Amino acid sequence: MVSLYNPANILTVVRIILVPVFVAIAVASGLTGTGQRIAACLVFCVASATDYVDGWIARKWSMVTSFGKIADPIADKALTGTALVLLSAYDRLPWWVTVVILAREWGVTALRFWVIRFGVIAASRGGKLKTVLQIGAIAWYLWPVPHPADVVGPWLMGAALVVTVVTGGDYVLQALRLRRGN
Ligand SMILES: O=P(O)(O)OC[C@H](O)CO
């Protein structure tokens, strides 16, 4: 039996703990100032990197647990959701983008709990791609690049948005299949 307190799960918890650290830096600076934005971006990237490492550890040393399957996506959503809200609050990203992504993310989380009696909906390949795109787009928006001339950021965020919505629909179908028992 795999211990709950394994390195993969501990890294997931570290990611959750880094969320308030990221918020503190972002709020203290109002996401202005080159140094502060670089600091916020670096904390965000380190926290995001734990997502890759915990998954790798869990697979390599067979440390996949039900806790990890549920907590890992929640930790991702806490981090990316917080970053999106802050970017919108500081006028760096339109609110509608944040609202659509948050609705999908927390809708899928609610869906996971709704069907938990029937089985666990683990992160799909599309879900992982979505997370990579979201992290890349958010990091780009946090980094102090010249925004008026920036075309990369909106394209990255647009791609993240499309994959976010499409994979959300796929999870709805998975949940319905689980409930039907096939
Ligand atoms: O799309 P989700 O909800 O399965 O989330 C995917 C995870 O964030 C990948 O680590």
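Nothing here was measured: the structure is a model prediction, and the numbers come from that model.

Brief notes about the overall build of the chain
Part 1 of the reasoning: Secondary structure summary: the chain contains six helices and zero strands in total.
Part 2 of the reasoning: Relative to its length of 182 residues, the chain is compact, with a C-alpha radius of gyration of 17 Å against a globular reference of 16 Å.
Part 3 of the reasoning: The C-alpha extent of the chain, read off along each of the three principal axes, is 50 × 30 × 25 Å.
Part 4 of the reasoning: Of all 182 residues assigned to the chain, the portion counted as buried reaches 43%.
Part 5 of the reasoning: A separation threshold of at least 6 residues defines the contact pool for the chain, and within that pool the share at least 24 residues apart is 78%.
Part 6 of the reasoning: Surface exposure of the chain reaches about 9,400 Å², of which carbon and sulfur atoms provide 73%.

A short note on helix α2 (residues 34-60)
Working note: α-helix, 3.6 residues per turn, so residues spaced by three or four point in the same direction.
Part 1 of the reasoning: The first and last C-alpha atoms of α2 sit 39 Å apart over 27 residues, in line with the 39 Å expected at 1.5 Å per residue.
Part 2 of the reasoning: Residue Ser62 follows α2 closely and has a positive phi angle near 50°.

Some words on the packing of aromatic side chains
Part 1 of the reasoning: A full pass over the atoms with the stated rule returns two aromatic pairs.
Part 2 of the reasoning: Aromatic side chains Phe22 and Phe44 sit 5.8 Å apart centroid to centroid with 50° between the ring planes, which places their arrangement in the tilted category. One end of the pair, Phe22, is in helix α1 (residues 7-29); the other, Phe44, is in helix α2, and 22 residues separate them in sequence. Assigned by exposure class, Phe22 and Phe44 land together as buried.
Part 3 of the reasoning: Between the aromatic rings of Trp56 and Trp61, the centroid separation amounts to 5.6 Å while the plane-to-plane angle is 90°, which identifies the pairing as edge-to-face.
Part 4 of the reasoning: With a relative accessible area of 38%, Trp56 lands in the partly exposed category.
Part 5 of the reasoning: Here Lys60 stacks its cationic end above the ring of Trp61, 5.9 Å away from the centre of that ring.

Quick notes on the pattern of salt bridges
Part 1 of the reasoning: Overall, the coordinates contain seven salt bridges when judged by the stated rule.
Part 2 of the reasoning: The salt bridge involving Arg104 is made with Glu105; its shortest N-O contact spans 3.0 Å. As far as the burial class goes, Arg104 and Glu105 line up, both buried.
Part 3 of the reasoning: Linking Lys130 and Glu105 is a salt bridge whose minimum nitrogen-to-oxygen distance equals 3.1 Å. Of this pair, Lys130 sits in helix α5 (residues 125-142) while Glu105 sits in helix α4 (residues 95-114), placing them 25 residues apart in sequence.

Focus on the UniProt feature "transmembrane region" (unreviewed entry) in the chain
Part 1 of the reasoning: Sites flagged by UniProt as "transmembrane region" (unreviewed entry) map to residues 12-31, 38-58, 93-115, 127-143 and 155-173.
Part 2 of the reasoning: Here residues 38-58 is 100% helix and 0% strand, with 30 Å between the C-alpha atoms at its ends.
Part 3 of the reasoning: Here residues 127-143 runs as 94% helix and 0% strand, with 24 Å between its end C-alpha atoms.

Some thoughts on the state of the cysteines
Part 1 of the reasoning: Scanning the model with the defined rule gives zero disulfides in all.
Part 2 of the reasoning: The closest cysteine sulfur to the non-disulfide-bonded Cys41 is located on Cys45, 4.1 Å from its own sulfur.

Description of the nonpolar core
Part 1 of the reasoning: If you look at the biggest cluster of nonpolar residues, it comprises 26 residues, and the most contacted ones within it are Phe22, Phe44, Leu87, Leu93, Ile138, Leu142 and Met157.
Part 2 of the reasoning: Contributions of two or more residues to this core are made by α1, α2, α3 (66-89), α4, α5 and α6 (152-180).
Part 3 of the reasoning: When residues of this core are assigned to their parent elements, the largest contribution, six residues, is made by α5.
Part 4 of the reasoning: Not counting residues within four places of it along the chain, the set of residues in contact with Phe44 comprises Phe22, Leu79, Thr80, Ala83, Ile135, Ile138, Ala139 and Leu142.
Part 5 of the reasoning: Core analysis: the second largest hydrophobic core is formed by six residues, Val108, Leu111, Val115 and Ala175 among them.

Quick look at the site of the ligand
Part 1 of the reasoning: The immediate surroundings of the ligand are formed by 13 residues, with Asp76, Lys77, Arg112, Thr131 and Tyr171 found nearest.
Part 2 of the reasoning: Contact between the ligand and Asp51: an oxygen atom at 3.3 Å from a side-chain N or O atom of the residue.
Part 3 of the reasoning: Across the complex, the protein chains shield 98% of the 310 Å² of accessible surface that the ligand would expose by itself.
Part 4 of the reasoning: Among the elements of the structure, α3, α4 and α5 are those that each provide at least two residues to the shell around the ligand.
Part 5 of the reasoning: Among the elements that make up the shell around the ligand, the one with the highest residue count is α5 (four residues).
Part 6 of the reasoning: Partitioned by chemical class, the residues of the shell around the ligand number three nonpolar, two polar and eight charged.

About the thresholds
Residues numbered from 1 in each chain as written. Predicted model: local features only at pLDDT ≥ 70, side-chain atom pairs only at ≥ 80, totals over all residues. Heavy atoms only, no water. Helix = DSSP H or I, 4+ residues; strand = E, 2+ residues; numbered from the N terminus. Rg over C-alpha atoms; globule rule 2.2 N^0.38 Å. Buried < 20%, exposed > 50% of the residue type's maximum accessible area, 1.4 Å probe, protein only. Contact = heavy atoms within 4.5 Å. Areas by Shrake-Rupley, 256 points an atom, 1.4 Å probe, with all protein chains shown as cover. Expected span 1.5 Å × (residues − 1). Phe/Tyr/Trp six-rings, centres within 6.5 Å; stacked < 30°, edge-to-face > 60°. Lys NZ or Arg CZ within 6 Å of the ring centre and 35° of its normal. Salt bridge = Lys/Arg side-chain N within 4 Å of Asp/Glu carboxyl O. UniProt positions renumbered as here; feature names shortened; annotations may be inferred. Disulfide = S-S within 2.5 Å. Core = buried A, V, L, I, M, F, W, Y, C linked by side-chain atoms within 4.5 Å. Near = heavy atom within 4 Å. Polar contact = N/O pair within 3.5 Å; in protein donor to acceptor, adjacent residues only side chain to side chain. Nonpolar A, V, L, I, M, F, W, Y, C, P; charged D, E, K, R; others polar.

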